[in-house]
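Structural overview for review
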Amino acid sequence: MQRTVWRNGGSNSAESDVRTRTEVPRRTFSESRRYAKPSKRYLHKIEKALSTLSCFYTYYPECRHIPTKSRMYRNIIIDAHLIIYRITDERIEVLDIVHSASSIRKIRGIRKIRL
């Protein structure tokens, strides 16, 4: 089992990273009770996928926007978002969570992120 490293800090900041990414929709959805439950369910889907990443990181496909010979960039597709991560010898690095409608240039720029 490999250690998962998050873009904005160590392994302990995983929850804060997911919550930061979903903070804006959560504030918007919490104003209306109608959308509060779907927002929490979507957040739970993301957290569940990220919590199992250390065991099942090879299960997910190569990121088609960042092709490499070693297939080190992979993505998890959750509804309208891509969770892009990189597999190295020592760890798994979660690089970003982007909307699937984002420009390919923005997604390819994720390759330059250094942790």
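Scroll up a little and you will see the structure.
Our subject in this report is the structure included herewith. (Residues numbered from 1 in each chain as written. Predicted model: local features only at pLDDT ≥ 70, side-chain atom pairs only at ≥ 80, totals over all residues. Heavy atoms only, no water.)

**Section: the packing of aromatic side chains**
In the structure shown here, the tally under the stated rule is 1 aromatic pair. Ring centres 5.3 Å apart and planes at 80° place the aromatic pair Y59 and Y60 in the edge-to-face group. You can call Y59 exposed: its relative accessible area is 66%. Judged by its relative accessible area of 15%, Y60 falls in the buried class. (Phe/Tyr/Trp six-rings, centres within 6.5 Å; stacked < 30°, edge-to-face > 60°. Buried < 20%, exposed > 50% of the residue type's maximum accessible area, 1.4 Å probe, protein only.)

**Examining the pattern of salt bridges**
Under the counting rule described, the total for this entry stands at 4 salt bridges. Residues K45 and D79 are paired through a salt bridge, measuring 3.0 Å at the closest nitrogen-oxygen approach. Here K45, found in helix α3 (residues 33–51), pairs with D79, found in the loop between β2 (73–78) and β3 (81–87); they are 34 residues apart in sequence, far enough to count as distant. Notably, a salt bridge pairs R71 with E62, separated by 3.9 Å at the nearest N-O pair. Overlapping salt bridges, with partners in common, bring together R86, R91 and E93 in one network. (Salt bridge = Lys/Arg side-chain N within 4 Å of Asp/Glu carboxyl O. Helix = DSSP H or I, 4+ residues; strand = E, 2+ residues; numbered from the N terminus.)

Function cannot be inferred from these measures alone, as they are strictly geometric.
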